[in-house]
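Examining the three-dimensional arrangement
Chain by chain, the residues:
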Amino acid sequence: MPSVFETSPTATPITFVTKSSWDQVAETLPPAHRQFARASAFAAKPGSYLALPAPDGAIAQVLFGLEDEGARSRDLFRPGALPGLLPPGTYRFANAPHDARLAALAFALGCYRFARYRKADRPEVRLVPPDGVDPAEIERIADAAMLARDLINTPSNDMGPSELAAAAQALAAEFGASFACTIGEDLKTNFPLIHAVGMASSRAPRLIDIGWGDPDHPKVTLVGKGVCFDTGGLDLKPSSGMLIMKKDMGGAANVLALARMVMDAKLKVRLRVLIPAVENAVAGNAFRPLDIFTSRKGITVEIGNTDAEGRLVLADALALADEEKPDLLIDLGTLTGAARVALGPDLPPFYTNDETLAVDVARCAAKENDPLWRMPLWPPYDSWLDSKTATITNAPSGGFAGSITCALFLQRFVEHAKSWLHVDIYGWTPSAKPARPEGGECQAARAIYALLSERYA
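If you're wondering where the values come from, they're calculated on a predicted model, not measured in any experiment. (Residues numbered from 1 in each chain as written. Predicted model: local features only at pLDDT ≥ 70, side-chain atom pairs only at ≥ 80, totals over all residues. Heavy atoms only, no water.)

**Comments concerning helix α3 (residues 100–109)**
- Judged by how many residues are buried, α3 sits mostly within the fold: eight of 10 residues are covered.
- Residues of α3 that are buried: L102, A103, A104, L105, A106, F107, A108 and L109.
- Each element contacted by the buried residues of α3 is listed here: β4 (89–93), β5 (125–127), α4 (135–153), α12 (355–367) and α14 (445–456).
- Structurally, the start of α3 carries an N-cap: the backbone nitrogen of R101 is 3.1 Å from a side-chain oxygen of D99. (Buried < 20%, exposed > 50% of the residue type's maximum accessible area, 1.4 Å probe, protein only. Helix = DSSP H or I, 4+ residues; strand = E, 2+ residues; numbered from the N terminus. Contact = heavy atoms within 4.5 Å. Polar contact = N/O pair within 3.5 Å; in protein donor to acceptor, adjacent residues only side chain to side chain.)

What follows is the structure, encoded as structure tokens:
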């Protein structure tokens, strides 16, 4: 993406104001500007915008409203609305927003437009980097987030397993990483659950495998759910539930975004990225309820519901990752409606038994305005996975604690990793917010990148 940052001595100032600070700020304005603001009924409400004119008709200054410092809820990404409001030009922050770094990131993210299928001009605005903010780091994060958005927003006819693999291969080539893909009989033999979920589609399932970094560095493995479209299989979703299922590869998209950040920053890790890429389709050879498959790990899995397919493909990929005994194993997936019922679309739950990791993830999520909320790997619910005919079922009956039981299912396939983190993301913004347009979204990747940067810089 073109750089959003530019150094300019003539940049137009943006002054951030709140309801409580507005009167004081107004007194510092030239009388004509103060009168113009009052005549325009500007009251410094959060998100309000006013361009103050210069005598020659140009913009002399921009006023932009934020929440008060002590407000119960503050959107630290609110400055991300500015690119959609400002006319072309270069701007600078005249005073500090609540968080200058996050405001600069929000400004960059607010420039995103998905323009693959129709014209959508990117805002012609630039920002002078605020003091103390590293523009290269901001652009690294923003570019990765936009990659995730582009991948998720691309409809499934143009983003099937092969296209997702091509995107992963292009990313690997950009950073000199290795790339491999397991497909066909090799997939069926070595990754039976991935093959089972994807075998009904005319677009062949596969396991994408990227490797990067010094083998002597700590091993960090990322696993992302890459279900490029989810019909629900024979347990067919209703049309309303299928409408945005192009986003069901959101875990893969966010893992690739995270990998981009890690490789671009040259973090001191031995990185591995595993993406089971499938389409859960309906055909005569589709896997069925009560079918039983032997997973890569040797655990037999009874299919309680074909619409609980994400955990199946992740299970085989996690088993492979776990064999290497990584220092840190992380999986991301758009997995359960139960997580959305419990926490909504903006707050993904995460699971880990590593107390230090849990504290660090929560802290980094708050710092990065990339919210996550810890949920328990509750041992008493583990028995709910029991099957009468196999080791476990992929979909316990009863419907309770769906996100927790999904996490417990995945935990069965992680035995040797020193530390494991599972995140049940949504990967989608249902209605536009500043810096977050409606559509595919980068979730959890920024928080996890902050964690990895702290540990492996």
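There is more to say, and it comes next.
**Focus: the sheet that holds strand β11 (residues 292–294)**
- With respect to topology, three strands assemble into an open sheet ordered β11-β12-β16, the strand pairing being mixed. Where the open sheet ends on each side, the last strands, each with one partner, are β11 and β16 (392–393). (Pairing = 2+ DSSP bridges.)

**Quick notes on empty space enclosed by the protein**
- Applying the stated criterion to the full structure yields two cavities of 30 Å³ or more.
- Put simply, the largest cavity is a space of about 50 Å³.
- What lines the largest cavity is a set of 10 residues, and nearest its centre among them are P2, V4, R122, E139 and D143.
- Within the lining of the largest cavity, the residues separate by chemical class into six nonpolar, one polar and three charged.
- Approximately 40 Å³ is the volume found for the second largest cavity.
- Every residue lining the second largest cavity is listed: L66, D75, L76, P79, P97, H98, D99 and A103. (1 Å grid on protein atoms, 1.4 Å probe; cavity = no way out; pocket = protein on both sides within 12 Å on 5 of 7 lines; lining within 4 Å. Points joined across faces, edges and corners; volume = space filled by probe spheres on them. Nonpolar A, V, L, I, M, F, W, Y, C, P; charged D, E, K, R; others polar.)

**Quick word on the pairing of strand β2 (residues 49–53)**
- Residue alternation in β2 divides its side chains into a buried set, L50 and L52, and an unburied set, Y49, A51 and P53.
- Counted along the chain from β2 to the antiparallel partner strand β3 (residues 59–65), the turn is five residues long, and its residue G57 has a positive phi close to 95 degrees.

**Comments concerning the layout of surface pockets**
- Considering only enclosed or pocket space, the largest pocket measures out at about 680 Å³ in volume.
- Contributing to the lining of the largest pocket are 34 residues, with D307, R311, L335, T336 and G337 lying nearest its centre.
- Taken together, the elements giving at least two residues each to the lining of the largest pocket come down to α8 (239–242), α10 (310–323), α11 (337–343) and α13 (402–411).
- Sort the elements by how many residues they give to the lining of the largest pocket and α11 lands first, with three residues.
- For the lining of the largest pocket, the per-class residue count stands at 11 nonpolar, 14 polar and nine charged.
- Considered as a void within the structure, the second largest pocket measures approximately 290 Å³ in volume.

**Considering the pattern of salt bridges**
- Scanning all chains against the criterion turns up 29 salt bridges.
- Measuring nitrogen to oxygen at the nearest pair gives 3.9 Å for the salt bridge that ties D158 to R116. Here R116 lies in the loop between α3 and β5 and D158 lies in the loop between α4 and α5 (161–174), a separation of 42 residues in the sequence.
- The exposure class of D158 is partly exposed, given its relative accessible area of 24%.
- Linking R363 and E454 is a salt bridge whose minimum nitrogen-to-oxygen distance equals 2.8 Å. Of this pair, R363 sits in helix α12 while E454 sits in helix α14, placing them 91 residues apart in sequence.
- The class for R363 is partly exposed, based on a relative accessible area of 37%.
- Salt bridges sharing partners connect three or more residues here, namely D360, R363, K367, E454 and R455. (Salt bridge = Lys/Arg side-chain N within 4 Å of Asp/Glu carboxyl O.)

**So, the domain arrangement of the chain**
- Assigned domains within the chain: domain 1 (12–133) and domain 2 (140–456).
- Centre-to-centre, using C-alpha coordinates, domain 1 lies 37 Å away from domain 2.
- Taken together, the 18 residues of domain 1 in the interface contact 18 residues of domain 2.
- Between domain 1 and domain 2 the total buried area reaches about 1,600 Å² when both faces are included, carbon and sulfur atoms providing 61% of it.
- Of all residues in domain 1, F77, L109 and Y112 give up the largest surface area on contact with domain 2, accounting jointly for 39% of the area buried on that side.
- Here domain 1 and domain 2 share three salt bridges between them.
- There are six residue pairs in polar contact (both at pLDDT 80 or more) connecting domain 1 and domain 2. (Domains from an automatic or database assignment. Buried area = accessible area lost by both parts, 1.4 Å probe.)

**Here we look at the nonpolar core**
- Core analysis: the largest hydrophobic core is formed by 92 residues, its most contacted members being L164 and L271.
- Ranked by residue count, the leading element in this core is helix α9 (residues 250–265), at 10 residues.
- Ranked by size, the runner-up nonpolar core spans 41 residues in total, among them A321, L329, C406 and F413. (Core = buried A, V, L, I, M, F, W, Y, C linked by side-chain atoms within 4.5 Å.)

**Quick look at the environment of G440**
- Here G440 shows up in strand β19 (residues 439–440).
- Residue G440 is classed as buried on the basis of its relative accessible area of 2%.
- Here the alpha-carbon distance between G440 and G211, two residues 229 residues apart in the chain, equals 26 Å.

**Let's talk about the sheet that holds β4**
- Taken in spatial order, the five strands of this open sheet run β2-β3-β1-β4-β5, and their pairing is mixed. Bordering the open sheet on either side are β2 and β5, each of which pairs with just one other strand. Taking the axes of each pair of neighbouring strands and ignoring which way they run, one obtains an average angle of 30 degrees across the sheet.
- Its contacts with the sheet place helix α2 (residues 31–39) against β2 and β3, and it is angled at close to 140 degrees to β2. (Axes fitted to C-alpha atoms, helices over the stretch in contact; angles between N-to-C directions.)

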